[in-house]
Amino acid sequence: MMASLSTLRMQLRRAGEQLAALTLIVAMLAIRLGFSLAGWPGTDSEEGTMGLMALHIARGQDWPIFYYGQNYMGAGEAYVAAVFFHLFSPSLLSLRLAMLVFLLLFALALYQLARLLYGRMVALLSLVLLSLAPRYVLTPEMRAVGGAVETLAFGSLAMLLAAWLAQTQPEVPEESWPKRRLLASFAWGLVAGLGLWSHWLVIPFLVCAALLLVLFSWREWLRYPVLPLLLLAGLALGAFPLILYNLQAPAGQDSLSVFLALYSQNRYPGIPPTGLQLWLKKLAGTFLYSLPLATGMTPTCPLEALPFYGWQHGQSLSCAALYGGWSLGFLLLLASSLFLSLRHLWKLWQPSKEGRLRGKKRQAQALHASRLLLLFAGLITLLSYTVSLTAAQRPQSMRYLVGLLILTPALIWPPVYLFQQSFHSGIGNAFQDQPSLLLGTAAYRGRLYARAQRLLAGTVLALLVLAFLGGTLANLPEIPSAAQRQQQYVALAATLEQWGVRHVYSGYWICDRLTFVSQEQVICATINPWLTRNDLVRYPPYYQEVSADPRAAYLFSDAQNGEFPLLSSQASTLASRHYRRVNLPGFVLYLRQGQT
């Protein structure tokens, strides 16, 4: 009877946990869908490019391997979005539904990874945090610009499969084929290949997951050579588009060359800083701006208010302290998690008889090694960003740190561990044979210490949840302006179609957004401020089509919106070419004389 009650309680607890996890995952998707329905976050031309790719795929017009003009970042988001275009018609919302598919994969994988490595409480708390949506956490998850959400999905899946394979090694060779392990090995290769095709931001997680597999699966691979062969087959299948392109890519246009060129690209308008000044700016950009915002902090100060990026009297020091304090807290949690993982691993790093690890000891070592390598993947991500020029010249590009969200369970683990340990202090056992007075004093001190542990752990967790909740609520005031700007584009596309204006020249941050909003009824060609072809043209056929039209119009932003502001020199040039100015809500249009 007692055994039956115990089994029932266990089943009810497991069912409650699964229901809570499902509820949190649904809440995560619902919050993001709700923001997208409301028109937030605002879109841009890079998302417009992805929408145009999906439109071309849905029509059977084009089958791109990569994001247009960037031959290392896969087009997976566009292919998934093309399905939703068929189901619901092309739109920004349909495009963002594709992001929810990858986000669902991430949520499921991260929950299982956290549960496997850190337990139920950490897994559920991770979902609580990640279901909320601070601005710079939600934006890379929902804006379809390529690579970010796939990094989350495939990075967490690769770590999950590797950790499971490492921890479930059979103690003795099995007589029958280990079918689940065959499938998991192939799945790991497939996930790794798809991740490599999608974006190379996932590489730190793939490398650490692969190292985990090598450390704990090499004996099994010797017994079953089909396992590594299946892994390689899955890798080749997942990365097939990437491999296919690079086998025939022109010199200098291969994916590695393109990636390295972008990684080291200098975008300073003047002479860039060098030496110590450059490194100080990289550190400031990373730890006083990029890292805090990428990991959930609500922005309260502009970049220009931070040291090395500007100076605002009475604000810069407080902003640096606030943002730097968040980064310090992140690094302390990271260091605590590293310490706990290394301490547990060190205790287990003793060879068993015959020099081999067996049973629960081997499983525990695989567990702590998995934790450690997950943290290493995050450290590599942070370090590679810090040493890049992007950290100094464009710290607002914090989406390159999106992989740090996979570390959420590892960062939650130290306070949860501290909280749990406070209930297992062992004070009573340690003082069983002591006099009652001493026992009472020690027990009282032990209770105080345990309460202090619980208070500290609870405070850290509560502050994290409140910070993420505050960031989610802080998005609400931004919705009207984002929705209004999108409506201006819709109205502009309708006006141009009504006037018969099929071709326009404009700036990079206007063109593909306008072309997508109009469903290619208006084709926009990207130009620079000197009214000549821009260095970066995502889809060259657009420029060729517009440049063939002698009556193509020119489009600029008005004074309130800076995507491509009108300059006096441009106005003079266009007037001399017999263009006339037309003011539209949010835009300035220059038409050929005699055109409607």
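Okay, so let's go over this structure. This is a predicted model, so every value here is computed, not measured. (Residues numbered from 1 in each chain as written. Predicted model: local features only at pLDDT ≥ 70, side-chain atom pairs only at ≥ 80, totals over all residues. Heavy atoms only, no water.)

## Some points on the overall build of the chain
Scanning the chain for helices and strands turns up 23 helices and five strands. Here the C-alpha atoms of the chain give a radius of gyration of 28 Å, agreeing with the 25 Å that 2.2 N^0.38 yields for 596 residues. Once the C-alpha set of the chain is aligned to its principal axes, its extents read approximately 100 × 65 × 55 Å. When the accessible surface of the chain is summed, it comes to about 27600 Å², and 66% of that surface belongs to carbon and sulfur atoms. Looking at the chain, you have 43 positive and 25 negative side-chain charges, and the mean spots of the two groups are 11 Å apart. (Helix = DSSP H or I, 4+ residues; strand = E, 2+ residues; numbered from the N terminus. Rg over C-alpha atoms; globule rule 2.2 N^0.38 Å. Areas by Shrake-Rupley, 256 points an atom, 1.4 Å probe, with all protein chains shown as cover. Lys, Arg positive; Asp, Glu negative; His and termini not counted. Charge placed at Lys NZ, Arg CZ, Asp CG, Glu CD.)

## What about the state of the cysteines?
On inspection of all chains with the given rule, the structure shows two disulfides. Disulfide pairing is shown between C301 and C319; the S-S distance is 2.0 Å. Between C301 and C319, the disulfide has an S-S torsion of -85° and is therefore left-handed. A residue pair is termed long-range when its members are at least 10 positions apart, and C301 in the loop between helix 13 (275-294) and helix 14 (316-348) and C319 in helix 14 qualify at 18 residues. Relative accessible area serves as the criterion here: at 1%, C319 is assigned to the buried category. (Disulfide = S-S within 2.5 Å. Buried < 20%, exposed > 50% of the residue type's maximum accessible area, 1.4 Å probe, protein only.)

## A few points about the packing of aromatic side chains
Applying the stated criterion across every chain, the model contains 20 aromatic pairs. Between the aromatic rings of F66 and Y245, the centroid separation amounts to 4.9 Å while the plane-to-plane angle is 85°, which identifies the pairing as edge-to-face. Of this pair, F66 sits in the loop between helix 2 (45-59) and helix 3 (76-88) while Y245 is found in helix 11 (residues 240-247), placing the two residues 179 residues apart along the sequence. Of the two residues examined, F66 and Y245, each falls in the buried class. Grouped by ring-pair contacts, the aromatic residues Y505, Y543, Y554 and Y579 constitute a single cluster. Seen from the ring of W413, R371 lies directly overhead, with NZ or CZ sitting 4.2 Å from the centre. (Phe/Tyr/Trp six-rings, centres within 6.5 Å; stacked < 30°, edge-to-face > 60°. Lys NZ or Arg CZ within 6 Å of the ring centre and 35° of its normal.)

## Observations regarding the pairing of strand 5 (residues 587-592)
Across the six residues that make up strand 5, a large majority, five, are buried. Judged from the four bridges that link them, strand 3 (residues 553-557) and strand 5 form a sheet pairing that is antiparallel. For Y554, the partnering residue across the bridge sits in strand 5 and is Y590. Where strand 4 (residues 579-584) lies against strand 5, six bridges are found, and the strand directions are antiparallel. The residue bridging R581 from the neighbouring strand is Y590, located in strand 5. (Pairing = 2+ DSSP bridges.)

## A word on the environment of P409
Take P409: it is sitting in helix 17 (residues 408-421). For P409, a relative accessible area of 1% puts it in the buried group. Residues P409 and H344 lie 65 residues apart in sequence; the distance between their C-alpha atoms is 17 Å. If we skip the residues at most four places from it in the chain, P409 touches L110, A114, Y118, V122 and S126. (Contact = heavy atoms within 4.5 Å.)

## Let's talk about unusual backbone geometry
Negative phi is the rule for most residues except glycine; trans is the rule for most peptide bonds. That bond from W40 to P41 is cis: its omega, 0°, falls within 30 degrees of zero. Mapped onto the secondary structure, P41 falls in the loop between helix 1 (2-37) and helix 2. The backbone phi angle of H578 is positive, close to 70°, even though this residue is not glycine. By the element assignment, H578 lies in the loop between helix 23 (568-576) and strand 4. For H578, a relative accessible area of 53% translates into the label exposed.

## Here's the deal with a nonpolar patch on the surface
Where nonpolar side chains cluster on the molecular surface, the patch consists of Y263, W279, L383 and V387 and spans about 370 Å² of accessible area. Mapped onto the elements, L383 comes out in helix 15 (residues 359-386). According to the relative accessible area criterion, L383 is exposed, its value standing at 55%. (Patch = residues over 30% accessible without salt bridge, like charges linked within 9 Å, V, L, I, M, F, W, Y side chains within 5 Å. Salt bridge = Lys/Arg side-chain N within 4 Å of Asp/Glu carboxyl O.)

## Notes on the environment of V588
Within the secondary structure, V588 is located in strand 5. Owing to a relative accessible area of 4%, V588 belongs among the buried residues under this scheme. Separated by 32 residues in sequence, V588 and F556 place their C-alpha atoms 5.1 Å apart. When sequence neighbours within four positions are dropped, the list of residues in contact with V588 reads Y554, L555, F556, S557, D558, L566, R581, V582 and N583.

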